[in-house]
Amino acid sequence: MFRQGDVLIIPVPQADVPACAPVPRDRRGRMVLARGEATGHAHVVGGPGLQLLADLDDPERMFLEVPAHGRVTHEEHGPIPLPAGHYRVVRQREYIPGAFRPVAD
């Protein structure tokens with residue numbers, strides 16, 4: 001497992017990746033795993049042939065397909081190398097009375 005701030009990246013077997021669609025890149029051409037609402041900083045992933053995918057049935061569930069290697073970067077954290085494989089991206093959540101929401105940084 002890999003953690004960078006409020007993002008957790010968990011290796012999963014390819015068979016556990018549901019039907020997905022590519023997540024559009026942001027206006028700067030980046031693949032963003034999570035964006036800080038307060039700071040505007042972003043957890044960004046990249047690598048040769050790497051794909052950020054969203055579950056067709058639940059677009060909030062994201063997965064990574066990393067054919068060779070990848071790297072997760074953020075303005076306030078050290079970079080994290082990712083070996084080839086398949087991963088589920090999990091955002092940390094916090095409880096507010098009556099609901100859960102993604103952590104805002």
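Provided above is the structure to which this section pertains.
All of these numbers come straight from a predicted model, not from anything done at the bench.

Novice: How do you make sense of the packing of aromatic side chains when you look at a structure like this?
Specialist: We describe a pair of aromatic rings using the distance from one ring centre to the other and the angle between the two ring planes. Tallied over the full model, the rule gives one aromatic pair. For the pair Phe2 and Tyr87, a centre-to-centre distance of 6.1 Å together with 65° between the ring planes defines the contact as edge-to-face. Placement of the pair is Phe2 in strand β1 (residues 2-4) and Tyr87 in strand β8 (residues 77-91), with a sequence separation of 85 residues.

Novice: Looking at this model, I keep getting lost on the nonpolar core. Mind explaining?
Specialist: Looking at soluble globular proteins, one finds that nonpolar side chains tend to be buried together. Within the largest apolar cluster, 16 residues are counted, with the highest numbers of intra-cluster contacts made by Ile9, Leu33, Val45, Leu64, Val72 and Leu82. Elements represented by at least two residues in this core include exactly β2 (7-12), β4 (31-35), β7 (62-74) and β8. Once you skip the residues sitting within four places of it in the chain, Leu64 turns out to touch Ile9, Leu33, Val45, Leu50, Gln51, Leu52, Leu82, Gly85, His86, Tyr87 and Val89.

Novice: Before we go on, may I ask you to explain the pattern of salt bridges in this structure?
Specialist: Two side chains carrying opposite charge are able to pair once their charged atoms lie near each other. Applying the stated criterion across every chain yields a total of four salt bridges. Of the charged contacts, one joins Asp26 and Arg30 as a salt bridge, the two residues approaching to 2.8 Å between their closest N and O atoms. No difference in accessibility class separates Asp26 from Arg30, as the two residues are buried. In this structure, Arg35 and Asp26 form a salt bridge, with 3.8 Å as the shortest nitrogen-oxygen distance. Arg35 gets classed as partly exposed once you look at its relative accessible area, which sits at 39%. Each of Asp26, Arg30 and Arg35 takes part in one network of salt bridges that share partners.

Calculation rules
- Residues numbered from 1 in each chain as written.
- Predicted model: local features only at pLDDT ≥ 70, side-chain atom pairs only at ≥ 80, totals over all residues.
- Heavy atoms only, no water.
- Phe/Tyr/Trp six-rings, centres within 6.5 Å; stacked < 30°, edge-to-face > 60°.
- Helix = DSSP H or I, 4+ residues; strand = E, 2+ residues; numbered from the N terminus.
- Core = buried A, V, L, I, M, F, W, Y, C linked by side-chain atoms within 4.5 Å.
- Buried < 20%, exposed > 50% of the residue type's maximum accessible area, 1.4 Å probe, protein only.
- Contact = heavy atoms within 4.5 Å.
- Salt bridge = Lys/Arg side-chain N within 4 Å of Asp/Glu carboxyl O.

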